Amino acid sequence: MTREQIRSDIFELLKKTAPETDPTRLGPDENIREALNIDSFDALQFLVAINEKMGIDIPEEDYGKTTTLKSLTDYLELRSKAGN
Amino acid sequence: MSEMIKITYREALKAGIREALTNDERVFLMGEDVGRYGGAFAVSKGLLQEFGEDRVMDVPLSESGFVGAGIGASLAGMKPIVEVMTVNFGLLPMDQIVNNAATMLHMSGGQINVPVVIRMSCGIGKQLAAQHSHSWEPLFAHIPGLVVLSVGTHEDARGMLHTALEHPDPVIIFEYTSMLNREAEIPADAGPMDISLAKVRREGKDISIITYGIGVHKSMEAAEKLAEQGIDAEVIDLRVLRPLDEKCFLESVVKTHRALLVEEAWGSINVSSEVSARIMEKAFFDLDAPVKRLGGVEVPIPYPLHLENASVPQVDDIVNAVIKILRP
Amino acid sequence: MTDFKMPSLGADMEAGTLVEWRKKPGDLLQPGDIIAEVDTQKGLIEIEVFEGGILDKYLIEVGDKVPVGTPMASLRPEGTTGVPAKEVKEQVHPIQEKEKPEEAQATEHSEKVNIPSKEKLSEEKSFKDKPSEETSSEEKLSEEKHRIKISPLARTIAEKNRLDLSGITGTGEGGAIIKADVEKAMAAKKEEKHEETLEKKIEEQVPERPVKEQKTTEPAAAGISPQESIRKAVAAAMSLSNREIPHYYLEKRIDMLKALTWLKETNQQREISARLMPAVLFIKAVAKAIDSAPALNAVWENGLQLKNEINIGFVVSLRSGGILVPAIKNADLKSTDEIMISLNDIIPRARAMRLRSSELSESTITLTSLGENGADKVFGVIYPPQVAIVGFGSIIDEPVVQKGMLAFRPVVHVTLAGDHRATDGLTGSRFLEALNNHLQNPETL
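Residue positions are given per chain, counting from 1 as you read along its sequence in written order. Each chain takes a letter, starting from A, and each ligand takes a number, starting from 1, following the order in which they are written. At least 70 in pLDDT is required for a residue's local features to be given in this predicted model, at least 80 for side-chain atom pairs to be given and counted, and no such filter applies to totals for whole chains, interfaces and linings, which use all residues. Hydrogens and water molecules were not included; the side-chain quantities draw on all heavy atoms of the structure.

(A) Focus on helix 5 (residues 152-160) of chain C. Residues and elements named next belong to chain C. Among the nine residues of helix 5, nine are classified as buried, and the element is accordingly described as predominantly covered. For the exposure calls, accessible area comes from a 1.4 Å probe over protein chains only, and a residue counts as buried if that area is under 20% of its type's maximum, exposed if over 50%, partly exposed in between. By definition, any uninterrupted DSSP run of H or I lasting at least four residues is a helix, any uninterrupted run of E lasting at least two residues is a strand, and each is numbered from the N terminus. Within the sequence span of helix 5, burial applies to Pro152, Leu153, Ala154, Arg155, Thr156, Ile157, Ala158, Glu159 and Lys160. Arginine 162, located one to two residues past helix 5, shows a positive phi value of around 50 degrees.

What follows is the structure, encoded as structure tokens:
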């Protein structure tokens with residue numbers, strides 16, 4: 001999976017979670033949940049959706065690495081290279 | 001809020017005419033004694049000197065003749081303001097108004113509009129006796145093809161003429177003799193007023209007083225008196241007697257569930273009759289009491305002042321009628 | 001034969017619009033079956049039946065907007081056959097169609113008083129003394145002599161509320177019954193009715209509510225956006241609560257270290273889709289703590305009425321603003337896993353405004369949880385007719401004194417808003433203490 005693919009998947013799933021927002025306008029270091037007003041239930045659902053789409057199961061202790069667009073993309077890129 | 005100025009009804013009417021003459025060269029004023037004499041009620045005083053004989057035109061004592069001439073001028077592209085001194089003489093040009101002004105658009109298959117504006121002074125003056133005290137708004141409001149306006153406030157006196165002149169069809173404007181000297185405050189920059197809608201002059205929840213013309217300020221005074229007794233009356237000024245803005249008064253009745261209809265015209269087969277019928281047709285199930293009318297007593301208006309006063313609804317009559325409806 | 005009526009989905013609901021029938025006349029219905037879909041201020045709601053039977057006849061049509069309590073369909077017991085349609089002539093008055101003179105007439109005759117007025121009788125008779133009518137008009141006359149004088153508005157209100165007019169004294173012109181008289185009679189009837197229905201199940205109760213004037217002025221739900229209608233529903237319920245319920249507030253800080261540790265260990269062994277959220281523990285702990293303070297699991301309707309089922313209304317905020325409070329039913333009997341499954345089901349449906357009637361009407365206590373990164377504390381407003389709301393703030397680290405030592409611990413500030421008519425601070429305090437104990441033993445939840 002390329003970085004571009006990962007980003008576009010993220011955008012797609014964020015858009016599903018917060019339909020009235022434009023995730024593509026997120027700054028790389030902005031806190032995603034704060035910027036898009038996503039509550040804890042939807043945050044979990046978003047990670048579930050990532051798992052379904054990319055096959056990457058993010059353990060709870062790594063949740064902290066998924067807070068910004070940049071850190072989340074980095075994290076998913078690393079995980080997908082590591083063959084999950 | 002813009003600055004408010006104190007102005008008489010007469011001055012407000014004059015300001016409207018003056019502005020119309022200033023702004024559009026096609027506009028001219030014609031009528032009996034409107035020029036040299038300054039108008040029977042001094043509404044057009046000084047306008048002849050200011051605008052000249054082509055724009056302010058005295059005409060012979062022949063209503064049928066000069067109203068017909070005004071209609072002709074409007075067909076030829078002018079914008080005449082025809083003044084019929086009072087509605088009492090309004091029967092003489094009735095043929096011109098009904099058979100020409102109101103009918104031409106239909107007879108020409110929609111090709112010819114008649115953009116004439118006819119002003120008439122109306123209602124009881126002060127002791128002018130039976131032949132000069134008529135309230136004939138209902139006669140004219142009966143005729144399809146006309147727009148019939150009733151000038152119940154100073155702002156409307158100032159601003160209705162402008163909008164009437166822009167209307168493609170004949171507009172009859174009723175002004176009220178007894179209000180000419182009455183003073184009120186209007187915004188210094190008061191301008192054109194809408195001529196399609198009725199207006200809620202006072203909001204209230206207990207009853208809708210639906211009226212027009214002189215009835216407006218009488219009803220407003222009555223509403224203030226009623227407020228002292230804990231009754232919250234809404235006052236609707238119909239303003240446009242044809243075509244009626246029924247949405248306004250129906251919404252009001254749906255809110256208050258009661259209606260009192262007030263006018264000075266003779267009590268039966270008048271504007272209130274029509275308003276009442278529409279309330280029955282369209283808001284029946286929202287009524288909590290029978291609709292009541294308060295109109296003029298059906299007699300020739302008497303000369304003696306006390307009898308003249310007794311022949312049309314006064315403030316206390318309105319107050320009493322409302323109380324009777326609300327506290328039977 | 002029983003009528004299935006437009007259910008009340010909360011103190012804020014006045015009417016609903018039938019969008020779709022899900023069952024046909026002749027269908028056998030089991031309790032819990034969805035009979036219809038109804039549009040309300042809270043979105044499209046699937047309406048369930050509470051007793052079985054055979055759907056006999058529709059009493060309203062798709063598109064009709066009817067007040068709460070209006071019969072929508074008639075049901076007959078299993079094994080019986082239908083009556084001729086003629087007999088089940090509808091007594092329904094959809095809000096849009098206000099002008100139905102024949103119906104008004106029909107009901108009027110059924111509301112005859114039995115005391116004939118001599119005065120009236122003679123009046124009527126002299127009126128219709130024509131011989132041609134004499135023979136056939138006896139019946140007609142007997143109907144007319146009992147004619148009740150009533151304003152059109154008062155009649156409309158009375159019919160919507162199925163009010164018997166016979167006992168009402170009119171204070172309008174000529175002794176006519178007017179709106180004020182009808183409203184007075186309804187208020188009196190409401191009190192009576194509450195006594196009668198004390199034992200009935202909540203879902204069968206049809207709270208009488210005065211027909212508000214705005215019904216006629218505002219265009220039925222049409223033309224109002226879901227956001228606006230939700231806003232209005234919240235506004236109505238919360239205003240009612242603030243007006244009628246004397247709230248008391250308690251707060252307790254609860255140490256979450258054990259609960260979070262347990263949650264972490266549990267989630268570690270699970271796939272992401274099976275992981276639990278802290279809210280699950282809150283819900284379960286609240287359900288169990290009710291054991292220690294059953295009076296909080298109740299409704300206030302002419303006195304306190306305790307509920308056996310523990311149905312926890314969980315506040316779901318909508319992205320466009322406003323909230324919905326679907327119930328997690330029998331939360332005390334569900335495992336934490338089952339509660340998580342419920343949340344996964346109910347939250348997305350709430351956000352899409354696609355809930356079922358029972359989910360909106362059967363909550364017995366409300367729980368609101370702010371989740372992470374929110375405010376520290378939340379003081380709730382009770383959703384009538386419930387008597388309590390529990391509020392969970394964000395889980396935050398705070399210094400805590402532990403065995404004489406200062407330590408940092410994750411804590412949550414839990415508040416309880418109680419209806420002081422129903423319970424006192426002591427009850428609430430006992431509840432919060434029990435809640436704390438349950439959260440200190442997460443493995444037993």
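(B) Unusual backbone geometry, seen in detail. All names here are of chain B. Cis rather than trans, the peptide bond between arginine 242 and proline 243 has omega equal to -10 degrees. Within the secondary structure layout, proline 243 lies in the loop between strand 12 (240-242) and helix 9 (246-256). Non-glycine residue aspartate 33 carries a positive phi angle of around 65 degrees. Inspection of the secondary structure assignment puts aspartate 33 in the loop between strand 2 (27-31) and helix 2 (47-51). Aspartate 33 gets classed as partly exposed once you look at its relative accessible area, which sits at 36%.

(C) The pattern of salt bridges, seen in detail. All names here are of chain A. Just to be clear on terms, a salt bridge is a Lys or Arg side-chain nitrogen sitting within 4 Å of an Asp or Glu carboxyl oxygen. For the structure on display, the rule yields 53 salt bridges over all chains. For glutamate 12, the salt bridge identified is with lysine 53, shortest N-O distance 3.3 Å. Linking glutamate 12 in helix 1 (residues 3-17) with lysine 53 in helix 3 (residues 40-54), this pair joins segments that are 41 residues apart in sequence. Residue class for glutamate 12 comes out partly exposed when judged on its relative accessible area of 35%. A residue is classified by how much of its surface remains accessible, and lysine 53, at 40% relative accessible area, is partly exposed.

(D) Spatial organisation of the interface of chain A and chain C. Contacts between the two partners involve 24 residues from chain A and, on the opposite side, 20 residues from chain C. Buried area: the sum, over both parts, of the accessible surface (1.4 Å probe) that disappears when the two are put together. Taken over both partners, the interface formed by chain A and chain C buries close to 1,600 Å², and the fraction arising from carbon and sulfur atoms is 47%. On the chain A side of the contact with chain C, Phe41, Leu44 and Glu60 of chain A bury the most area, a combined 35% of that side's loss. The interface formed by chain A and chain C contains four salt bridges. In this structure, the salt-bridge partner of aspartate 42 of chain A is arginine 351 of chain C, at a minimum N-O distance of 2.8 Å. Whenever a nitrogen or oxygen atom comes within 3.5 Å of another N or O atom, the pair is scored as a polar contact, on the condition that within protein one atom can donate a hydrogen and the other can accept it, and that pairs from neighbouring residues in sequence are kept only if both atoms are in side chains. The interface formed by chain A and chain C includes 11 residue pairs in polar contact (both at pLDDT 80 or more). Of all elements in the fold, only helix 2 (32-36) and helix 3 of chain A reach the threshold of two or more residues within the side of chain A that touches chain C. Broken down by element, the side of chain A that touches chain C gets its largest block of residues, eight residues, from helix 3 of chain A. Three categories are distinguished: nonpolar for Ala, Val, Leu, Ile, Met, Phe, Trp, Tyr, Cys and Pro, charged for Asp, Glu, Lys and Arg, and polar for the others, with Gly belonging to the last. Split by residue class, the side of chain A that touches chain C holds 11 nonpolar, six polar and seven charged. The criterion used for residue contact is that any of the two residues' heavy atoms lie within 4.5 Å.

(E) Summary view of the side chain of arginine 158 of chain B. Residue and element names in this part refer to chain B. With respect to the helices, strands and loops of the structure, arginine 158 is situated in helix 7 (residues 154-166). A residue is classified by how much of its surface remains accessible, and arginine 158, at 13% relative accessible area, is buried. Only 3.2 Å separates the side chain of arginine 158 from the side chain of glutamate 19, close enough to count as a polar contact. In this view, arginine 158 contacts Ala12, Ala15, Gly16, Glu19, Ile186 and Ala190; residues no more than four positions away in its chain are not counted.

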